Amino acid sequence: MSGANPWRIGVVIALLMGGCARNERSSVEKYPERSIDLIVPWTPGGGSDRLARFVADALQRRLGQPVVVVNRTGGGGAVGHTAGALAAPDGYTLTLGTFELGTMRWMGISPVKCGDFAPVALLNADAAALFVRHDAPWKDLPSLLEAIRREPGRLRMSGTASGGVWDLARSGLMLEAGISPAHVTWVPAPGSAPAMVELLGGHIDVVCCSVPEAWSQVDGGEIRALAVLSPERLAGFESIPTAREQGLAFDAMTWRGVLAPAATPQELVARLGRELVAIADSEGYREFLRKNGFGAKVEGPEGFARFLEAQEPRWREVIQSAGYQTLGRNSDPGSALMPICLVVLLALGVLLERLRLRRGRLSMPGKVKASSAAEAVGVAGLESSVQKPGSRRDGALLIAALVVYVALLPWVGF
């Protein structure tokens, strides 16, 4: 090769690269050739699951291949998002990403982040809003915030779990107003519905959740909406003023969108994006959103990418300022506890066995004489165990296998 013409080598390399590019284009043109998995990081029956199943059914009709919803739950969304990020970047495993993707890294829940995905399409977003009882003394957002300033620790709020989207929304709003989030007691709740029951019963003072989740009580005159945390008033709910109109430029929303692994070919991402945007523009999808009380916010790959770029930095600031950065580091060992314990016990067992065999060698400077045939068999067995390392090798292989399993646990499951 030392005398080869460099131009000839360059031509060969160019032809090879062109062939690879043609193969990739060909695979994109033939896509999909088999079923597609759509990972949902949340339990069946919830809002994310319902949206995913509608989208999967519509996408299946457009692509001509089955689209299967796979619920990978656990870790506050970490298990499903991690499985989606680690999937093969071939378009056959997609993920319904949610708001938690932009916060779990800063809360110590999981290292997975928005950059681990290629954004395909944003399909839904719901702005946070603040609600009080109809007879509450606060008629607008400034009067509520003034009450919090005047009497720190007296008011109680709820709407979701501690560190959840609505808790972070009210924390960010209070920080924007120059008030410590600790000046309000956050009462954890499994969702907005039980929080509304507590509000109507007089056990808490304010609920933070999306407008559709509370609109039936607003429409019935039981509660009053003080502000919605969105850039402009929501379509269909124009009577609710924004926080911006009342002097606080802070927006907060939960969202859902389809993601692919980061290395997925851009041509494939663009095609999937076009299909999903077409689904989101259909009357059937708009009717689905209305029936389920979901807000519409649709973006293709480029718009969704810009949206995600803004998520992590803004919520990192809120999480750190509110003191939530270690919320995910609780005392629950998770499903990794048992395999980790097995690794430790096996390692100790191998170490003790090696010490026992070493003591056996030291106690046998020469051949051990047996006084009977039975003892001769025992001596032969001891010598064999000293000389043959098979048991140690098996133990080492078991430990290595368990270490690999622990490392892959978030992906393969327990």
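Residues numbered from 1 in each chain as written. Predicted model: local features only at pLDDT ≥ 70, side-chain atom pairs only at ≥ 80, totals over all residues. Heavy atoms only, no water.

Caption draft 1: Local environment of the overall build of the protein. Within the protein one finds 13 helices and nine strands. Evaluated residue by residue, the protein yields a buried proportion of 42% over its 414 residues. Taking the contacts inside the protein whose residues are at least 6 apart along the sequence as the reference set, 77% of them involve residues at least 24 apart. Accessible surface for the protein amounts to roughly 21,000 Å². Of this, 58% is attributable to carbon and sulfur atoms. (Helix = DSSP H or I, 4+ residues; strand = E, 2+ residues; numbered from the N terminus. Buried < 20%, exposed > 50% of the residue type's maximum accessible area, 1.4 Å probe, protein only. Contact = heavy atoms within 4.5 Å. Areas by Shrake-Rupley, 256 points an atom, 1.4 Å probe, with all protein chains shown as cover.)

Caption draft 2: Highlighting the pattern of salt bridges. According to the stated counting rule, one finds 15 salt bridges in the structure shown. For K113, the salt bridge goes to D116, with nearest N and O atoms at 3.0 Å. When its relative accessible area of 28% is taken as the criterion, K113 is described as partly exposed. Here R154 makes a salt bridge to E151, at a shortest N to O gap of 3.2 Å. If you follow the salt bridges from partner to partner, you end up with E283, R286, E287 and R290 in one network. (Salt bridge = Lys/Arg side-chain N within 4 Å of Asp/Glu carboxyl O.)

Caption draft 3: Layout of the packing of helix α2 (residues 47-63) against helix α9 (residues 283-292). Viewed as axis vectors pointing N to C, α2 and α9 meet at an angle of 165 degrees, and their least axial separation amounts to 11 Å. It follows from the interaxial angle that α2 and α9 lie roughly antiparallel. Handedness of the α2/α9 crossing: right-handed. For the pair α2 and α9, contact is made by R50, L51, F54 and V55 and by G284, Y285, F288 and N292, respectively. By residue class, the composition of the contact of α2 with α9 is five nonpolar, two polar and one charged. (Axes fitted to C-alpha atoms, helices over the stretch in contact; angles between N-to-C directions. Parallel < 35°, antiparallel > 145°, perpendicular 65-115°, else oblique. Left-handed = near helix turned anticlockwise from the far one by under 90°. Nonpolar A, V, L, I, M, F, W, Y, C, P; charged D, E, K, R; others polar.)

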